[in-house]
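Working through the structure, step by step
Okay, here's what each chain looks like letter by letter:
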Amino acid sequence: MAHASWDESHSRRVHAMTRLEAILLMGFGGLWCVALLMVDRPLLAGINLALAIFGACLLVLLRRGRLRLATILAVHVAPFAMASCLFDNPPLGVPKATVLFFLPIAAGSYFAFRRDNLYLRIVLPALYLLAFIAFSLLPLAISDPALIVPAEAAHVAAWVNTVSALAALVFTLGLMHADLTDRRGWEYDLGRAIARGEFRLAYQPQVDRIGRLVGAEALLRWHSPRRGNVPPGQFIPLAEETGQIVAIGDWVLRAACAQLARWNTQPATAHLTLSVNISVAQFLQPDFVPNVTDIVTRSGCDVSHLKLELTESMLVENMPDMAERMQALCDIGLVWALDDLGAGYSSLQALGQFPFAQIKLDQSFVRGLPADESSLRIVEAMISLADTLSLTSVAEGVETEEQFRCLMEAGCEAFQGYLFGRPMDIDSFDALIAPAPDAMAGSADGGGTPHER
Ligand code: C2E
Ligand code: MG
Ligand code: MG
């Protein structure tokens, strides 16, 4: 069985951190509420009760599996934290301690949202640090004796708050350290996977409207001796973040071109096309165009049968010379396909600005067919848009006969999905072309046979 991915481990740590915050808020909020009621400070008791309720809500959300929402709420505890700081006006000789809670919240926010938008990752932690400085150094406190913590409680509060804030900070830093160590381990293994021959390509069949095999998509597989079979969804995002995707992508392209060149030489396979996924980081390399040209030329494959897939999210990035780069590779005969169309937020207008020859409808729409009316309308609109722009359309994730029929009626031209075959090793794929009596069964991810209709 595969080990937990780095992302899963990270989520577990964020969960632990948010749970600790929820428990601290509930525990201390509840206790202080009672204590402050006893010394006749109802407003302060109310603030602490609100904190305890907030903590309880976080726990409920965590129990219901709403980790992201719980964590976003947890790092927006600012109004309560500010209010607590304003009323934290201890007598001379007793330090202000509530302010210390800004530190674990700042560190936690940065840690939990390391891949998120600028606001959650940078702005929010920075605001907490500024609040820490402001409340530590400026006389930002309410001095009305009726509203501040009484002197006898202030001593206890200073101890409790200092110890628990620093414990929370140490806990958060410990999680961050464990996360970093984990990530280094993944990076290390990934960095050696090419040299150790741990990658291989799986081939998923693509068929035309009458079920004939017309090509395949090359999908990367990593078998790590330490971690087992790691799906691309787990290691490709990390490889993209670390830049390792450039070397991995080169390996994929070389292996795919070598396979295409082999198919080109056999009459039974000479017509097959091969699609290869390209990451943003790869595409952004300054030498992307000459590098691809070099790999393709050296392999000796028929370049017109090679399709490079870019995902829709790349259109949103609005790269200045994207169309020029794509055109340069079209000029050597290569074909571009737009993967996962409909999954992102690109304006479909943008499609016409780039030299795509094919669109791939995202699985999420195909999944809803034929029952889901809105998926059907979207699929029909995308296919008709492809027609208008003279692009071919491929549907991904076709699993049932009903979906296939529905997509045919909508005018889709090619199909890929478990109905026609799972991603499989090259021997199983070759067996689809020249089926031997005993060669139909085995495959890497499950196997399957394109339908002849
Ligand atoms: P993708 O390019 O959209 O590939 C299609 C994914 O859908 C594949 O997942 C495939 O196994 C899966 N799939 C195909 N038919 C069906 C079906 O009928 N039902 C369901 N539920 N799934 C189906 P896989 O192999 O896990 O790859 C996931 C993603 O990882 C790919 O999505 C692609 O974005 C990325 N990827 C895979 N190989 C490479 C690679 O060599 N380079 C880069 N940059 N990305 C890759
Ligand atoms: Mg793809
Ligand atoms: Mg796709």
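It should be noted that the structure appears before, not after, this text.
Let me sum up the structure you'll find in this document. (Residues numbered from 1 in each chain as written. Chains lettered and ligands numbered in written order. Predicted model: local features only at pLDDT ≥ 70, side-chain atom pairs only at ≥ 80, totals over all residues. Heavy atoms only, no water.)

Okay, the packing of aromatic side chains next. The final tally for this structure, using the stated rule, is 16 aromatic pairs. Geometrically, the ring pair formed by Phe-199 and Trp-222 is tilted, given 6.1 Å between the ring centres and 55° between the ring planes. Here Phe-199, found in strand 1 (residues 199–207), pairs with Trp-222, found in strand 2 (residues 213–224); they are 23 residues apart in sequence, far enough to count as distant. Across this residue pair, the class does not change: Phe-199 and Trp-222 are buried. Ring geometry for Phe-283 and Trp-336: centres 5.9 Å apart, planes at 75°, overall edge-to-face. Taken as a pair, Phe-283 in helix 10 (residues 280–283) and Trp-336 in strand 6 (residues 335–341) lie far apart in primary sequence, 53 residues in all. One exposure class covers both Phe-283 and Trp-336, and it is buried. (Phe/Tyr/Trp six-rings, centres within 6.5 Å; stacked < 30°, edge-to-face > 60°. Helix = DSSP H or I, 4+ residues; strand = E, 2+ residues; numbered from the N terminus. Buried < 20%, exposed > 50% of the residue type's maximum accessible area, 1.4 Å probe, protein only.)

Looking at the magnesium ion (ligand 2), the protein donor atoms are Glu-217 (OE), Asn-277 (OD1), Glu-309 (OE) and Asp-339 (OD), and they sit 2.0 to 2.2 Å from it. Mapping the donors of the magnesium ion (ligand 2) onto the primary sequence yields the spacing E-x59-N-x31-E-x29-D. Separating the magnesium ion (ligand 2) from the magnesium ion (ligand 3) is a gap of 3.9 Å, which Asp-339 spans by donating to each of them. One end of the pair, Glu-217, is in strand 2; the other, Asn-277, is in strand 4 (residues 273–277), and 60 residues separate them in sequence. For Glu-217, a relative accessible area of 2% gives the class buried. (Donors = N, O, S within 2.8 Å, 3.2 Å for Na, K, Ca; no water.)

Computed from the structure, the largest pocket encloses a volume of approximately 900 Å³. Lining of the largest pocket is provided by 36 residues; of these, Glu-217, Leu-219, Pro-232, Asn-277 and Asp-339 occupy positions nearest its centre. The set of elements that each furnish at least two residues to the lining of the largest pocket consists of strand 2, helix 8 (232–242), helix 9 (245–265), helix 10, strand 5 (306–311) and strand 6. Top contributing element to the lining of the largest pocket by residue count: strand 2, with 5 residues. (1 Å grid on protein atoms, 1.4 Å probe; cavity = no way out; pocket = protein on both sides within 12 Å on 5 of 7 lines; lining within 4 Å. Points joined across faces, edges and corners; volume = space filled by probe spheres on them.)

A separate point is the coordination of the magnesium ion (ligand 3). Coordination of the magnesium ion (ligand 3) by the protein comes from Asp-339 (OD), Asp-340 (OD), Glu-396 (OE) and Glu-396 (OE), over a distance range of 2.1 to 2.5 Å. As a motif over one chain, the donors of the magnesium ion (ligand 3) read D-D-x55-E.

Moving on: the site of ligand 1. Around ligand 1, 21 residues are found, and the nearest of them are Arg-221, Asn-277, Gln-363, Glu-399 and Tyr-418. Take Glu-396: an N or O atom from its side chain is 3.2 Å from an oxygen atom of ligand 1. Given that more than half its atoms are within 2 Å of the pocket grid, ligand 1 belongs to the largest pocket. At the level of secondary structure, the elements contributing two or more residues to the shell around ligand 1 comprise strand 2, helix 8 and strand 6. If one sorts the elements of the shell around ligand 1 by residue count, strand 2 sits on top with 4 residues. Looking at the shell around ligand 1 residue by residue, the class counts come to 8 nonpolar, 6 polar and 7 charged. (Near = heavy atom within 4 Å. Polar contact = N/O pair within 3.5 Å; in protein donor to acceptor, adjacent residues only side chain to side chain. Sits in = over half its atoms within 2 Å of the grid points. Nonpolar A, V, L, I, M, F, W, Y, C, P; charged D, E, K, R; others polar.)

For the rest of this paragraph, the subject is the nonpolar core. Judged by nonpolar contacts, the single largest core of 80 residues is most densely connected at Leu-308, Trp-336 and Leu-407. Examining the composition of this core, we find that 9 residues originate from one element, helix 9, more than from any other. Every residue in contact with Leu-308, bar those within four places of it in the chain, is listed here: Leu-253, Val-276, Ile-278, Phe-288, Val-292, Leu-329, Leu-334, Val-335, Trp-336 and Ala-337. Residues Leu-25, Ala-74, Ala-106 and Phe-135 belong to the second largest nonpolar core, which totals 29 residues. (Core = buried A, V, L, I, M, F, W, Y, C linked by side-chain atoms within 4.5 Å. Contact = heavy atoms within 4.5 Å.)

Glancing now at the pattern of salt bridges. Evaluation of the coordinates by the stated rule reveals 19 salt bridges. Two residues, Arg-377 and Glu-380, come together in a salt bridge whose shortest N-O distance is 2.9 Å. In this pair, Arg-377 and Glu-380 are both assigned in helix 15 (residues 373–388), 3 residues apart and thus about one turn of the helix distant. For Arg-377, a relative accessible area of 44% puts it in the partly exposed group. Here the residues in one salt-bridge network are Asp-7, Arg-114, Arg-115, Arg-183, Glu-187 and Glu-241, joined through shared partners. (Salt bridge = Lys/Arg side-chain N within 4 Å of Asp/Glu carboxyl O.)

This model, assessed by the stated rule, comprises 2 cavities of 30 Å³ or more. Estimates place the volume of the largest cavity at around 720 Å³. Lining the largest cavity are 37 residues; nearest its centre among them are Leu-25, Leu-51, Ser-84, Thr-98 and Phe-101. Examining the composition of the lining of the largest cavity, we find that 10 residues originate from one element, helix 1 (residues 6–38), more than from any other.

What follows deals with the side chain of His-305. With respect to the helices and strands, the residue His-305 is situated in the loop between helix 11 (288–299) and strand 5. In this structure His-305 touches Leu-260, Asn-264, Ala-270, His-271, Leu-272, Thr-273 and Leu-274, once residues within four positions along its chain are discounted.

Next up on the list: helix 15. With 16 residues, helix 15 extends 23 Å from end C-alpha to end C-alpha; this agrees with the ideal 22 Å at 1.5 Å per step. Listed in full, the buried residues belonging to helix 15 are Ser-375, Leu-376, Val-379, Met-382, Ile-383 and Ala-386. Down the axis of helix 15, the buried set is contained in an arc of 130°. They therefore lie on one face. Looking at the buried residues of helix 15, the elements they touch are strand 6, strand 7 (358–361), helix 14 (363–367), strand 8 (392–395) and helix 16 (401–410). For helix 15, the N-terminal cap is Asp-372; the gap from its side-chain oxygen to the backbone nitrogen of Ser-374 is 3.2 Å. (Expected span 1.5 Å × (residues − 1). Arc of directions from axis to C-beta.)

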